[in-house]
Structure formats: structure tokens, C-alpha cells
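# Breakdown of the fold
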Number of protein chains: 2
Amino acid sequence: MIAKKALLFGGAVGLVYLLFATDKARAQNTQDRVIRLAELEIDPAYVDEYKAFLKEEVETSIRVEPGVLTLYSVSVKGHPEKVRLFEMYASQAAYESHIQSPHFRKYKVGTQQMVKSLTLLETDQILLGSKFK
Amino acid sequence: MIAKKALLFGGAVGLVYLLFATDKARAQNTQDRVIRLAELEIDPAYVDEYKAFLKEEVETSIRVEPGVLTLYSVSVKGHPEKVRLFEMYASQAAYESHIQSPHFRKYKVGTQQMVKSLTLLETDQILLGSKFK
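Here's what I pulled together on the structure shown here. Small disclaimer: the values here were computed from a predicted structure and weren't measured.

The rules behind these values
- Residues numbered from 1 in each chain as written.
- Chains lettered and ligands numbered in written order.
- Predicted model: local features only at pLDDT ≥ 70, side-chain atom pairs only at ≥ 80, totals over all residues.
- Heavy atoms only, no water.
- Helix = DSSP H or I, 4+ residues; strand = E, 2+ residues; numbered from the N terminus.
- Expected span 1.5 Å × (residues − 1).
- Buried < 20%, exposed > 50% of the residue type's maximum accessible area, 1.4 Å probe, protein only.
- Phe/Tyr/Trp six-rings, centres within 6.5 Å; stacked < 30°, edge-to-face > 60°.
- Pairing = 2+ DSSP bridges.
- Axes fitted to C-alpha atoms, helices over the stretch in contact; angles between N-to-C directions.
- Parallel < 35°, antiparallel > 145°, perpendicular 65-115°, else oblique.
- Contact = heavy atoms within 4.5 Å.
- Nonpolar A, V, L, I, M, F, W, Y, C, P; charged D, E, K, R; others polar.
- Core = buried A, V, L, I, M, F, W, Y, C linked by side-chain atoms within 4.5 Å.
- Least-squares fit on C-alpha atoms with pLDDT ≥ 70 in both.
- Salt bridge = Lys/Arg side-chain N within 4 Å of Asp/Glu carboxyl O.
- Arc of directions from axis to C-beta.
- Buried area = accessible area lost by both parts, 1.4 Å probe.

### What to know about helix α2 (residues 47-64) of chain B
Across its 18 residues, α2(B) extends 26 Å between first and last C-alpha, which sits within 8% of the 26 Å expected from 1.5 Å per residue. All buried positions along α2(B) are accounted for by Val47(B), Tyr50(B), Leu54(B), Glu57(B), Val58(B), Thr60(B), Ser61(B) and Ile62(B).

In C-alpha cells, the structure reads:
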């Protein structure tokens with residue numbers, strides 16, 4: 001009985017420790033992150049089709065790629081054809097793996113004729129302030 | 001003995017349920033979020049001073065304001081004077097409260113002479129894909 005209680009307590013302590021350790025590991029690696037901004041202008045005739053491709057690509061990347069941390073996609077208010085992406089990858093390797101993935105290739109090829117212009121900005125971190133960890 | 005086990009099991013189930021319920025509540029409110037992009041050009045002579053003001057403002061806002069969800073700040077690679085912010089607030093009320101806060105006012109007044117230009121973009125969400133919840 002006491003042994004069982006001790007086991008349960010030990011398990012609980014272990015779990016809590018694991019959660020904190022994971023959190024700490026994440027926090028320590030933020031300097032490796034690659035953050036890219038993309039500014040796109042979409043052909044107004046294809047905004048809905050483009051968004052469908054983009055949503056599928058974002059949803060799949062976040063779900064299946066451990067190193068794709070954030071793909072925030074928005075459009076400028078009143079200008080659905082002006083799309084902005086805030087992309088955060090765990091590392092350069094994670095970014096390179098992402099652009100070789102089948103879901104990214106599908107999005108890239110599928111939307112090629114819909115994108116009138118694309119500006120990519122590589123960035124340096126100042127401070128990544130967030131409630132989400 | 002059996003009663004104690006049942007109690008432990010019930011507690012565990014309750015905890016897991018609570019975690020999922022909280023997650024769901026968060027997910028449901030994403031449509032209320034306000035997302036703003038800011039593009040700033042800083043006087044090159046004041047880049048370091050500007051960054052110190054910005055970091056303090058970001059750190060304080062995330063720590064003390066429940067409705068300030070994300071303040072990601074980066075600069076364009078090779079151009080430390082070109083600053084980009086990705087700002088996410090829980091609601092319009094949270095945004096309005098933020099710009100009235102003493103730490104935001106301190107940043108705004110303190111950096112006034114350092115900022116050569118500021119472009120603010122209001123946005124509509126397409127999809128906020130993220131590993132972080």
C-alpha cells in the first residue's frame with residue numbers, strides 16, 4: 001500500500017518535471033528559430049481558391065512537421081488580395097525540410113498562377129513576446 | 001482500497017477533461033482576436049536605444065496584460081533599422097486597454113524622436129496556424 005502510494009507520487013513528480021523540462025528546452029532554443037515574413041498580392045479573381053490552398057498547407061504543416069512552429073496568415077483589412085504571413089521554424093533545417101514537403105509543393109504549384117507578386121523577408125529576432133509557449 | 005483507486009482515476013479523468021475544455025474555450029475565441037502589423041523605420045543612430053524601449057514594453061505587456069497574446073518583434077536581416085511587429089490581442093477591448101497602459105505610453109513617448117516612419121496595418125485572419133496554444 002505504501003509502496004503503491006510512493007509509486008504514484010513518484011510518477012506524478014516525474015510527470016511535472018518532464019513538463020517543465022520540455023518547456024525549458026523549448027525556451028532555450030529560441031535563438032535557433034528562423035522567422036520569415038511574406039507579403040503576397042493575389043489575383044483578385046482567385047482570392048477564395050488561393051485561401052483554400054493556403055489553409056490546407058498551413059493546417060497540414062502545423063500538424064505533421066515538428067519544426068514548423070507558427071504559420072500565421074492574415075490579409076490587410078479591406079484588401080483580401082494582400083496577404084501577409086508570419087512564419088516561424090524551429091531551425092534552418094526545419095525550414096529547408098518544410099519547403100521540400102509534398103504539402104508545400106502542392107500549395108506552391110497549385111497557387112503559382114494566382115500569385116501576382118511575392119516578397120520574402122528574412123529577419124533577425126528582437127524579442128518574441130507571447131503568452132503561448 | 002478500490003474506493004481510493006476509483007477516486008484517483010476520477011481525479012485524473014477530471015484533470016484531463018479540464019485541460020481539453022480550456023483548450024477548446026481558447027480555440028473558440030480566436031475570431032475575436034485583433035491582429036495588427038507594424039512596419040517601422042528607426043533612425044540608425046538610435047537603433048540600440050529603440051530596441052531597449054521596445055523590449056521593455058513587449059516584456060511588460062505580455063507579463064501584466066491578460067489580453068496581449070503575442071508581440072513578436074523582428075528586424076529585416078541586414079537592416080536593424082527596419083523593424084516589423086506582429087501583434088495579437090484577445091479582443092478590441094484588450095487592444096484599447098493596451099494602448100492606454102503606462103508601459104505603452106512610456107515606450108511611445110520615449111521613442112517618438114527615434115521613429116522615422118510607422119505604418120500600421122489592420123488585418124483579417126485567414127488561418128492562425130501554430131504549435132503554441
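On we go from here.
### Digging into the packing of aromatic side chains
Here the distance between the centres and the angle between the planes together describe a pair of aromatic rings. Scanning the model with the defined rule gives 10 aromatic pairs over all chains in all. Aromatic rings pair up to connect Tyr72(A), Phe86(A), Tyr72(B) and Phe86(B) into one cluster.

### Let's talk about the pairing of strand β2 (residues 68-76) of chain B
Here β2(B) lies mainly inside the structure; 9 of its 9 residues are buried. The pairing of strand β4 (residues 115-130) of chain A with β2(B) spans 7 bridges and is antiparallel. In the sheet register, Leu127(A) faces β2(B), and the bridge partner there is Ser73(B). Note: β2(B) against strand β3 (residues 79-89) of chain B, 8 bridges, orientation antiparallel. Bridging across to β3(B), Leu71(B) finds its partner in Glu87(B). Between β2(B) and the antiparallel strand that follows it, β3(B), lie 2 residues; Gly78(B) among them carries a positive phi value of about 80°.

### Some details on the packing of helix α2 (residues 47-64) of chain A against helix α4 (residues 102-111) of chain A
The axes of two packed helices give the description: the angle between them and the distance between them. All names here are of chain A. It is the contact of α2 with α4, at a shortest axis distance of 9 Å, that shows an interaxial angle of 170°. Between α2 and α4, the angle falls in the class roughly antiparallel. Of the residues in α4, those in contact with Tyr-50, Phe-53, Leu-54, Glu-56, Glu-57, Thr-60, Ser-61 and Val-64 of α2 are His-103, Phe-104, Lys-106, Tyr-107, Gly-110 and Thr-111. Residue classes in the contact of α2 with α4 are distributed as 6 nonpolar, 5 polar and 3 charged.

### Focus: the nonpolar core
Tyr72(A), Phe86(A), Met88(A), Tyr72(B), Phe86(B) and Met88(B) are the most contacted members of the largest nonpolar core, which totals 22 residues. Elements with a contribution of two residues or more to this core: β1 (34-42), β2 (68-76), β3 (79-89) and β4 of chain A together with β1 (34-42), β2, β3 and β4 (115-130) of chain B. In contact with Tyr72(B), other than residues within four places in its own chain, are Tyr72(A), Phe86(A), Met88(A), Leu127(A), Leu128(A), Gly129(A), Ser130(A), Arg84(B), Leu85(B), Phe86(B) and Phe132(B).

### Here we look at the relation of the copies chain B and chain A
When chain B is brought onto chain A, the operation consists of a screw motion whose angular component is 180° and whose axial shift is 0.0 Å, with 0.0 Å RMSD remaining. What the superposition gives is, in effect, a two-fold axis relating one chain to the other. Among all residues of chain B, the one whose C-alpha sits closest to the rotation axis is Phe132(B), at a distance of 2.6 Å. Mapped onto chain A, 100% of the interface residues of chain B are again interface residues, and the two copies thus contact each other with one and the same surface.

### Thoughts on the sheet that holds β3(A)
Spatially, β1(A)-β3(A)-β2(A)-β4(B)-β1(B)-β3(B)-β2(B)-β4(A) is the arrangement adopted by the 8 strands of the closed barrel, whose pairing is antiparallel. Neighbour-to-neighbour, the strand axes of this sheet turn through a mean angle of 35°, independent of strand direction.

### Examining the pattern of salt bridges
Applying the stated criterion to the full structure yields 10 salt bridges over all chains. Of the charged contacts, one joins Glu56(A) and Lys106(A) as a salt bridge, the two residues approaching to 2.9 Å between their closest N and O atoms. With Glu56(A) in helix α2 and Lys106(A) in helix α4, this residue pair connects regions lying 50 residues apart in the sequence. With a relative accessible area of 40%, Glu56(A) lands in the partly exposed category. A salt bridge links Arg63(B) to Glu59(B), with the shortest nitrogen-to-oxygen separation between them at 2.9 Å. With Arg63(B) and Glu59(B) both in helix α2 and 4 residues apart, this pair spans about one turn of that helix. On the basis of relative accessible area, Glu59(B) is assigned to the partly exposed category, the value being 38%.

### Digging into α4(A)
All names here are of chain A. Residues of α4 that are buried include every one of His-103, Phe-104, Tyr-107 and Thr-111, and no others. The arc that holds every buried residue of α4, seen down its axis, measures 100°, which confines them to one face. Set apart from the buried face of α4 by more than 90 degrees, the exposed residues are Pro-102 and Val-109. Contacts from the buried residues of α4 go to β1, α2, α3 (92-99) and β4.

### Topic: the side chain of Arg84(B)
Mapping Arg84(B) onto the fold places it in strand β3. Setting aside its immediate chain neighbours within four residues, Arg84(B) contacts Leu37(A), Leu121(A), Ala38(B), Glu39(B), Leu40(B), Tyr72(B), Ser73(B), Val74(B) and Val76(B).

### Remarks on the interface of chain B and chain A
Listed by partner, the interface residues are 45 residues for chain B and 45 residues for chain A. Counting each side, the surface lost to burial between chain B and chain A is near 3,900 Å², with a carbon and sulfur contribution of 66%. Taken as a group, Tyr72(B), Ile126(B) and Phe132(B) account for 21% of the area that chain B buries against chain A, more than any other trio of residues on that side. For the pair chain B and chain A, the number of links is 2 salt bridges. Here Asp124(B) makes a salt bridge to Lys77(A), at a shortest N to O gap of 2.8 Å. Elements represented by at least two residues in the side of chain B that touches chain A include exactly α1 (2-28), β1, α2, β2, β3 and β4 of chain B. In terms of residue count, β4(B) provides more of the side of chain B that touches chain A than any other element does, 10 residues in total.

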